[in-house]
Amino acid sequence: MPTRPIGWNVSEVAFGVMYVLVAVQALLLAYGGTRRYVMWRRGRPLSGPLDRVGERARHALAVTFLHRRLLRPGYLYSGLMHLFIFWGFVVLFIGTLIVLLEADIVRPYFGLSFYQGTFYVVYKLVINLFGLLFLVGLLMAVYRRYGQQLPRFRRSLSDDAIVLGLLLFLGLTGFLLQALRLAATHDSAAPIHWVSYPVALALGGVDPAVLTGAHAVTWWSHMLANTALLVYIPVSKLAHIFTGPANVFLRATDPKAALNTIANIEEQEHFGVAKLEDFSWKQLVNFDACMRCGRCLDFCPTFNTGKPLKPRQLIVEIGAYMNRQAGLLAGPAGPRIDEAGVRGSELTAADEPSLVQVPVIANLIGDVVSEDELWDCTTCRACMEQCPVQIEHVPLIVEMRRNLVLEQSKFPQELVTLFNNLERNANPYSFPASTRAEWAAAAGVQELAQVADPSSLEVIYWVGCMSSFDARGQRVATALAKIFAAAEVRFAILGREEGCSGDPARRAGNEYLFQLLAQANIERLNHYSSEKRIVASCPHCFNTLKNEYPQLGGNYEVIHHSQFIQELISSGRLKVAPGVLEGNGFAYHDPCYLGRYNEVYDAPRDVMQSVAGGFAEMPRCRDRGFCCGAGGARAFMEEKRGTRISHNRLNEAIDTRADGVAVACPFCVTMFEDGVRALNVEERFAVKDIAEIVAAALGSES
Amino acid sequence: MRAANSPGRAPELVGATIAAVLLEAVLAALLTLVGIGLTSAGVFAHVPQAVAPGALLTLVGGGWLGNALARRDVRLFPGTREGSKD
Amino acid sequence: MDIVVTVKQVPDPDIPPTHFRVDEATRTVIPPAGVSPVMNGYDAHALEAALRLRDQLGGKVTVVSLGPDSARDALKRAIAMGADAAVHVNDPALNAADSTTTARALAAAIKKLGHVDLVLSGRQASDTDGGQVHLGIATHLGLPAVSPVQKIDDPSAETVVAERIVEDGYQRLRVRLPALLGVSSEMNEPRYPPLKGIMAAGRAQIPVWTAADLELEAGQPGKVQLRRLYVETREASVEIIEAESPGEAGAKLADKLREARLV
């Protein structure tokens, strides 16, 4: 009858000590967890109780156990790697619980035994499998970090090595214990312990006394290593075991594409975040959830162009600062704050501190996080998209920008011009608002105010500032007007009643100016009708009107022009001959605010397929699309640090051997137009909005 | 309903010493010791029924003690007192 | 240090010139509709300089503006940026006056404010580009005036050092206070008002003074009379120089330029 003597060769002293160590582990785990919790609760309270708890829990469980955010396109290796480690450990842990159940409860209290026979055989087969997967995953991890030379693992810490080392040690000693017992006791059921079996055979000739002695030593070391692991969890990156799912739970039902609003802004005394306690307590959990995987860096435009902002570093800096305040070491071998700065984060040179002179009680902005890091951000969300535990880098950055703008009045000089222009002219340029509809007059497009019967209109075309005032942008608006006419869509524009959506103001942290601009637009839109569909040719306007205006009372049905054109084509209202690919076609670039923010990946591609007969897909596409560099009000700031983001993306487009890049956003158009001139390829590489491509295809019809 | 951005609770405590911990910590410690006593009895005096409840008490007692120390802002790790350099 | 800053509200200088119209009958400029006037750019630099001096040395910054009701917005902007107090001189008899009358009125207002260590003005207004008012104020108040100034150094209770821009460089002058300085845009970047400032400005009460409050003699004519205001009509014509070779074309062009007395 296959079974094993539980506790074979383990002395009473060993067991006695084991239970004492349980007390130590429980104490330190509870201490570390509570210290973190106490730190989180120093953040601002939420505006109401946590809602939709069931939905959050389901989401958190799915993300945790099914690894939904780890097994992503492009991350199969590391997704499987972690899956093996995770499930290996979980099953091994359940295995331990089963043995505990048998030895400490079922046998003494019920006089029964289930840990034998068929149960035992199945148990051993399964546990050997998962123990092996555990080791395989760990070895994959070792290779990933130390062998693959990925940019985001350029600087590893001893914390990383300790974690991997401890886990490997535990896994290996577990199998060794099994093998030693099998060899020493000549267990007849040895083959079912199939991973240790070959080792047991190899040890067959060894003196049993030696085997028994080795087994005892291994047992002690396995127990001590286990104690070390549990004690290490609260002060190391392993805390993510608890904080990761906690963060996913807290973030689960937050609206994806909208920044939070400031209610009653005129009555507030304090704006944005200047110190840790200004973050909401939910946001503080973000910093503890990070385990420094670095996926946020892979598609980050600033990390990949050598700028100060590296999303992981931002989180790690603030997390280390927070843990220092909490009385935790942030891992004895992990990132620490000392006089020279925050060590152990994204360092370019071997020991170059990321900041200089961080006193223990430091200013969050300035000492822990630099202003350059905050202003570098393009708000593209590549970091948030990839983060396995849903850390929200962008809202954290914007909250700090809000403090700099609204309270300290301390921000790049170029933004003064932007804010002044937005205030005076309701557009980011110095064009007077009265000239906003001049392009429309030339194109025969009417303003809503001039339309006799507004109820006969099908859509309102929201033009946006760039397409209204900028010469290059106006070509896109004119092209779209031509498409509307060809499809016989009755539409009008707000024209002089349209003002900037407020997107650049909000991303730059000027929430007050955003609300002023938004409220003016909402008043105008509600005046005409909040039921009409709004078509926007700018993803920033699209996102703001659709996802953020509801915060201020503006609820509209908004779609992007690529979606509308796709509708027109598939319904047959827009008659376009099936496109034939000319030359090498265009490479399609996913605008951040259309793609990642609103998950509109397919409509523009369908349009390109229908009208142009196809397009080239860039390696960094869809949710991994690489930003053009204009978001986050960066289009209105100079790019002085690192290399140019737009050139990085353009080179990728050029490398596909396409004849040009097709975009669906006026900011992207501008960045790439500037880029092709700077890279001297304007003769052979075109930049076109898909509206222009479609309009040109129509031109060949009529 | 508080507005979303009203300030949070101010940090309440200055670092306490272990000596300042009260009744709660003593109780938790006692509980832990009882648990260890039970598991030891189970192991050394061969009373297997004592192990499970003993382990449970040890776990709960140890956790409670850790939690109590944490809530009172006791700094267990060297060099992590407020104001000290790390 | 008690500082007074004079500000003028002007049409937005970023408006393209073609958008303005001129009413020749009333000799007034009509800016395009829907565009708000703004604080004169140089005055914003002057205000910024005043705020920095106050932040450094303590004291008070008071802003004065002469103009119609709309000038109130410029004063609110000044308060939002951090000015401690504002005064609005608003009188139909004065609002459209020439530089000399404006200078007289503003000088009277400043005198009425009491003790002043330093008066800062923008070097000129961006609508008239006259550059006279601030010098007139100094004359009426008997203050030494230095303009245009690109830097203020070493401020103390008794003196400041002013860097005055001249054609090929600058002069450094130590000026005894009280004095008046005409501030140029090279001096600083005016700050963007913090939100609390904007809110405070919204609630601020700004006293309004008329000519009577300033005890100005009525009926004194200005010294400069605007005779005519018009938009110059430009004619453009193009003449292509025909020639056999570029060298010959160049020679012919040179002849033409000399004939037209352009060189």
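Residues numbered from 1 in each chain as written. Chains lettered and ligands numbered in written order. Predicted model: local features only at pLDDT ≥ 70, side-chain atom pairs only at ≥ 80, totals over all residues.

**Q** Describe the overall build of chain A, with residues and values.
**A** When helices and strands are counted, chain A shows 27 helices and 10 strands. Partitioning the intrachain contacts of chain A with sequence separation of at least 6 by distance along the chain shows that 79% fall at a separation of at least 24. (Helix = DSSP H or I, 4+ residues; strand = E, 2+ residues; numbered from the N terminus. Contact = placed C-beta atoms within 7 Å.)

**Q** Please give an account of the overall build of chain C that cites residues and values.
**A** Along chain C, the regular secondary structure elements total 7 helices and 13 strands. Across the 263 residues that make up chain C, the buried fraction comes to 36%. For chain C, restricting intrachain contacts to residue pairs at least 6 apart in sequence, the fraction spanning at least 24 positions comes to 72%. (Buried ≥ 20, exposed ≤ 12 C-beta atoms within 10 Å, placed from the backbone.)

**Q** Can you lay out the domain arrangement of chain C for me, pointing to particular residues and giving the numbers?
**A** Domain assignment breaks chain C into domain 1 (2–209) and domain 2 (233–263). The centre of domain 1 of chain C, based on its C-alpha atoms, is set 47 Å off from the matching centre of domain 2 of chain C. (Domains from an automatic or database assignment.)

**Q** I'd like a rundown of the sheet that holds strand 9 (residues 660–663) of chain A, residues and numbers included.
**A** Residue and element names in this part refer to chain A. With parallel pairing, 4 strands are arranged side by side in an open sheet as 8-7-9-10. For this open sheet the edge positions go to strand 8 (616–617) and strand 10 (686–689), each flanked by a neighbour on one side alone. The pairing of strand 9 with strand 10 spans 4 bridges and is parallel. Of the residues in strand 10, the one forming a bridge with Gly 660 is Ala 686. Seen against the sheet, helix 24 (residues 602–612) touches strand 7 (586–588) and strand 9 and runs at an angle of roughly 165° to strand 7. (Pairing = 2+ DSSP bridges. Axes fitted to C-alpha atoms, helices over the stretch in contact; angles between N-to-C directions.)

**Q** Which residues make up the nonpolar core, and what are the values?
**A** Among the nonpolar cores identified, the biggest contains 203 residues, and Ile 483, Phe 586, Ala 587, Ala 662, Phe 672 and Val 694 of chain A are the most heavily contacted of them. Per element, the largest residue contribution to this core is 11 residues, and it comes from helix 1 (residues 12–40) of chain A. Leu 75, Ala 86, Val 119 and Ala 201 of chain C belong to the second largest nonpolar core, which has 60 residues in total. (Core = buried A, V, L, I, M, F, W, Y, C linked by C-beta atoms within 7 Å.)

**Q** So what's going on with the packing of helix 8 (residues 240–251) of chain A against helix 9 (residues 281–289) of chain A? Which residues, and what values?
**A** All names here are of chain A. One way to put it is that helix 8 packs onto helix 9 with a least axis distance of 8 Å and a crossing angle of 145°. Crossing geometry of helix 8 relative to helix 9 is assigned as left-handed. Note on element contacts: helix 9 touches helix 8 through Lys 282, Val 285, Asn 286, Asp 288 and Ala 289, opposite His 240, Thr 243, Gly 244, Ala 246, Asn 247 and Leu 250. When the residues that make up the contact of helix 8 with helix 9 are grouped by side-chain class, the tally is 4 nonpolar, 5 polar and 2 charged. (Left-handed = near helix turned anticlockwise from the far one by under 90°. Nonpolar A, V, L, I, M, F, W, Y, C, P; charged D, E, K, R; others polar.)

**Q** Explain the arrangement of the chains to me, and be specific about the residues and the numbers.
**A** For the 2 pairs of chains in contact, the maximum contact count is reached by chains A and B. When C-alpha atoms are compared, chain B and chain C, though not in contact, are closest at a spacing of 16 Å.

**Q** Pulling in residues and values, what's your account of the domain arrangement of chain A?
**A** Residue and element names in this part refer to chain A. Taken as a whole, chain A is organised into domain 1 (271–407), domain 2 (413–570) and domain 3 (586–699). At the interface, 17 residues of domain 1 touch 20 residues of domain 3. Broken down by secondary-structure element, the contributors of at least two residues to the side of domain 1 that touches domain 3 are helix 13 (371–376) and helix 14 (382–386). Looking at the side of domain 1 that touches domain 3, its residues break down into 7 nonpolar, 5 polar and 5 charged.

**Q** Tell me about unusual backbone geometry, residues and numbers included.
**A** The omega torsion of the bond from Ser 147 of chain C to Pro 148 of chain C falls at -10°, within 30 degrees of zero and hence cis. Checked against the element boundaries, Pro 148 of chain C lands in strand 9 (residues 145–153). A cis amide bond links Leu 177 of chain C to the next residue, Pro 178 of chain C, at an omega of 0°. Structurally, the position occupied by Pro 178 of chain C is in the loop between strand 11 (169–176) and strand 12 (179–183). Phi angles above zero are rare outside glycine, and Asn 9 of chain A is one such case at about 65°. With respect to the helices and strands, Asn 9 of chain A occurs in the segment before helix 1. Positive phi values are uncommon outside glycine, yet Asn 680 of chain A reaches one of about 65°. Inspection of the secondary structure assignment puts Asn 680 of chain A in the loop between helix 26 (666–678) and strand 10.

**Q** An account of helix 22 (residues 539–548) of chain A is requested, with residue identities and associated values reported.
**A** Residues lying three or four places apart along an α-helix face the same way, a consequence of the helix completing one turn every 3.6 residues. Residue and element names in this part refer to chain A. Burial runs high along helix 22: 9 of the 10 residues are buried. Three or more residues of helix 22 are buried, namely Pro 539, His 540, Cys 541, Phe 542, Asn 543, Thr 544, Leu 545, Lys 546 and Glu 548. Packing partners of the buried residues in helix 22 comprise strand 3 (459–462), helix 20 (503–507), strand 5 (533–536), strand 6 (557–560) and helix 26.

**Q** Report on the sheet that holds strand 13 (residues 208–209) of chain C, specifying residues and quantitative values.
**A** Residues and elements named next belong to chain C. Across the sheet, 9 strands lie side by side as 11-10-9-12-8-1-6-7-13; this open sheet has mixed pairing. Every other strand in the sheet has two partners, leaving strand 11 and strand 13 as the edge strands with one partner each. Pairing geometry for strand 1 (residues 2–7) and strand 6 (residues 60–66), over 6 bridges, is parallel. Each bridged residue has a counterpart across the sheet, and for Ile 3 the counterpart in strand 6 is Val 61.

**Q** Residues and numbers for helix 4 (residues 117–147) of chain A, please.
**A** Residue and element names in this part refer to chain A. Here helix 4 contains 31 residues, and its C-alpha end-to-end distance of 44 Å stays within 8% of the 45 Å for a straight helix at 1.5 Å per residue. All buried positions along helix 4 are accounted for by Lys 124, Ile 127, Gly 131, Leu 133, Phe 134, Leu 135, Gly 137, Leu 138 and Ala 141. For helix 4, the secondary structure elements touched by its buried residues are helix 3 (76–110) and helix 5 (158–185). Count one or two residues on from helix 4 and you reach Gln 149, which has phi positive near 55°. (Expected span 1.5 Å × (residues − 1).)

**Q** So what's going on with the pairing of strand 10 (residues 159–166) of chain C? Residues and values would help.
**A** Strand residues, when the strand is regular, have side chains that alternate between the two faces of the sheet. Residues and elements named next belong to chain C. In this structure, strand 9 lies alongside strand 10, joined through 4 bridges in antiparallel fashion. What sits directly across from Asp 153, in strand 10, is Val 161. Counting the residues between successive antiparallel strands, the hairpin from strand 9 to strand 10 contains 5 residues, one of them, Asp 154, with a positive phi of roughly 50°. Of the strand pairs in this sheet, strand 10 and strand 11 are connected by 8 bridges, and their pairing is antiparallel. Bridge assignment links Thr 159 to a residue of strand 11, and that residue is Arg 176. Between strand 10 and strand 11, which pair antiparallel one after the other, the connecting turn spans 2 residues.

**Q** An account of the interface of chain C and chain A is requested, with residue identities and associated values reported.
**A** Tallying the contact residues gives 17 residues for chain C and 14 residues for chain A. Looking at side-chain class alone, the side of chain C that touches chain A contains 10 nonpolar, 3 polar and 4 charged residues.

**Q** If you had to explain the environment of Gln 519 of chain A to someone new, which residues and values would you point to?
**A** In this fold, Gln 519 of chain A is placed in helix 21 (residues 511–528). Under the C-beta neighbour-count criterion, Gln 519 of chain A is labelled partly exposed, with 16 such atoms within 10 Å.

**Q** Just give me the short version of the packing of helix 1 of chain A against helix 1 (residues 23–44) of chain B, but keep the residues and values in it.
**A** Closest axis-to-axis distance for the helix 1 of chain A/helix 1 of chain B pair is 9 Å, and the angle between their directions is 160°. Taken as axis vectors, helix 1 of chain A and helix 1 of chain B run roughly antiparallel relative to one another. The element helix 1 of chain A and its partner helix 1 of chain B pack so that their crossing is right-handed. Here Glu 12, Phe 15, Gly 16, Tyr 19, Val 20 and Ala 23 of chain A of helix 1 of chain A lie close against helix 1 of chain B, whose contacting residues are Thr 32, Ile 36, Thr 39, Ser 40, Val 43 and Phe 44 of chain B. Here the contact of helix 1 of chain A with helix 1 of chain B is built from residues that sort into 7 nonpolar, 4 polar and 1 charged. (Parallel < 35°, antiparallel > 145°, perpendicular 65-115°, else oblique.)

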